[in-house]
Amino acid sequence: MKKMDNKRSVKELVKRYFIMLCGLYLTAFSVTLSVSSDMGTSPISTLPNVFSHKFTGLSLGVLMFIWNCILLVAQVIILRKKFKIYQLLQLPLSFVFSAMIDFTNKYIIANLPIESMFSRILVLVVGCVMLGFAVTLTMKSDVVMNSGEAVVKAFADTFGLNFGNVKIGFDVLYVVLGTASSFIMFRTLKGVGAGTVFLAVCTGFVVKFFTKILGGRIDKFFAK
C-alpha cells in the first residue's frame, strides 16, 4: 500500500481518503442503527455491544476503540517483523470511528422512535444496506484498512489462507465469544440476537451488489 500511495497524485489521495471517511461514518451509523434495533449487531461489533450492557459507564464508541486496539495488538503478534509502521494509522482511524459512533448515537439515533417490532426490523435492514454500502466505499478507497479487516488479512497472509474463508471464520469467532461473554455475565443473551445472524449472512451480498453497480464509477471518480 505504501508503494502504491507513492504512485498516486495528491488529488487522487485526497479523493480516496474522502471516500474512506464517508465509508467510515456510514459504518459507524450502521453500527448504531443495528444496536438500536436491540436485535444484535454485526459480528465485529458483537463483543463491544455485549460489554456495553455490563459496563454502562463506558460508551459503545469507547468500547469499540478498546476492541480495535486489541485487534491491532493481535496483528503485531501475528505479523511480528512483517508488521509495518504505517499500519499504526489504524489507531487514529479507530479513534475517529469511535467518536463517530458516539456522535451518531447521541445526536441522531436517540431521536428516532424505535419501539415497535416493525421499526426495529426496518432499522436493522437499513443498517445492513448502509453497512454494505460503507464497506464498498472503504474497500474501493484502498488506503488504510480498519482493524477488523486488517487482522483478517494479517492472519490470511501469514498462514497462506483465503481471505474470504478467514473472514467467515473470524466472524463466527466474534459471535461465539460475544455469546459466551453474554451468558457468563448475564446468564442470557444481551447484545447478540437474530440481527447478528442476519447481518453476518446478508452484508456480503449487499457489498457484492454495490460493488457491481458502483465499483466502476468510483474508480472513474478517482481517475478524473
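Above this text is the structure in question.
Figured I'd write up the structure that's included with this text. As the structure is a prediction and not an experimental result, all values here were calculated from the model.

1. Re the overall build of the protein
- Across its full length, the protein carries nine helices and zero strands.
- In sequence order, the protein lays out its α and β elements as α-α-α-α-α-α-α-α-α.
- A compact globule built from 224 residues would reach a C-alpha radius of gyration of about 17 Å, and the protein, at 17 Å, matches this within 12%.
- Taking the principal axes of the C-alpha coordinates as reference, the protein spans close to 50 × 35 × 30 Å.
- Taken over 224 residues, the protein has a buried fraction of 43%.
- Counted over contacts in the protein with a minimum sequence separation of 6, partners at least 24 positions apart contribute 78%.
- As displayed, the protein has an accessible area near 12400 Å², and 71% of this comes from carbon and sulfur atoms.
- Each charge class in the protein was averaged separately, 24 positive and 10 negative side chains, and the resulting centres sit 6 Å apart.

2. Quick word on the side chain of S141
- By the element assignment, S141 lies in helix α6 (residues 117–141).
- For S141, a relative accessible area of 0% puts it in the buried group.
- A distance of 2.7 Å separates a polar atom in the side chain of S141 from the backbone oxygen of T138.
- When residues no more than four places from it in sequence are discounted, the contact partners of S141 are R8, R16, I19, M20 and F222.

3. Comments concerning the pattern of salt bridges
- Under the criterion given, the structure shown has four salt bridges.
- Salt-bridge contacts for E12 lead to R16; the nearest nitrogen and oxygen are separated by 2.9 Å. One end of the pair, E12, and the other, R16, are both in helix α2 (residues 10–36), four residues apart, so they sit about a helical turn from each other.
- Between D171 and K167 there is a salt bridge; the shortest N-O distance is 3.0 Å.

4. Some remarks on the packing of α2 against α6
- Two numbers describe how α2 lies on α6: the axes approach to 8 Å, and their chain directions differ by 160°. Relative to α6, the element α2 is oriented roughly antiparallel. Like other packed secondary-structure pairs, α2 and α6 cross with a definite hand, here left-handed.
- When the residues that make up the contact of α2 with α6 are grouped by side-chain class, the tally is 15 nonpolar, eight polar and two charged.

5. A few points about the side chain of S94
- With respect to the helices and strands, S94 occurs in helix α5 (residues 90–107).
- On the basis of relative accessible area, S94 is assigned to the buried category, the value being 5%.
- Contact partners of S94, with chain neighbours within four places excluded, come to F65, N68 and S147.

6. Focus on α2
- An ideal rise of 1.5 Å per residue puts 39 Å on 27 residues; α2 measures up with 39 Å between its terminal C-alpha atoms.
- One or two positions beyond α2, positive phi appears at D38, with a value near 60°.

7. Some points on the packing of aromatic side chains
- In total, this model carries eleven aromatic pairs according to the counting rule given.
- With 5.9 Å between their ring centres and 5° between their planes, F51 and F55 make a pair best called stacked.
- Take F51: its relative accessible area is 27%, and that puts it in the partly exposed class.
- A ring pair is formed by F155 and F170, whose centres lie 5.6 Å apart and whose planes are at 70°; its orientation type is edge-to-face. In this pair, F155 sits in helix α7 (residues 147–159) while F170 sits in helix α8 (residues 163–186), placing the two residues 15 residues apart along the sequence.

Conventions we followed
- Residues numbered from 1 in each chain as written.
- Predicted model: local features only at pLDDT ≥ 70, side-chain atom pairs only at ≥ 80, totals over all residues.
- Heavy atoms only, no water.
- Helix = DSSP H or I, 4+ residues; strand = E, 2+ residues; numbered from the N terminus.
- Rg over C-alpha atoms; globule rule 2.2 N^0.38 Å.
- Buried < 20%, exposed > 50% of the residue type's maximum accessible area, 1.4 Å probe, protein only.
- Contact = heavy atoms within 4.5 Å.
- Areas by Shrake-Rupley, 256 points an atom, 1.4 Å probe, with all protein chains shown as cover.
- Lys, Arg positive; Asp, Glu negative; His and termini not counted.
- Charge placed at Lys NZ, Arg CZ, Asp CG, Glu CD.
- Polar contact = N/O pair within 3.5 Å; in protein donor to acceptor, adjacent residues only side chain to side chain.
- Salt bridge = Lys/Arg side-chain N within 4 Å of Asp/Glu carboxyl O.
- Axes fitted to C-alpha atoms, helices over the stretch in contact; angles between N-to-C directions.
- Parallel < 35°, antiparallel > 145°, perpendicular 65-115°, else oblique.
- Left-handed = near helix turned anticlockwise from the far one by under 90°.
- Nonpolar A, V, L, I, M, F, W, Y, C, P; charged D, E, K, R; others polar.
- Expected span 1.5 Å × (residues − 1).
- Phe/Tyr/Trp six-rings, centres within 6.5 Å; stacked < 30°, edge-to-face > 60°.

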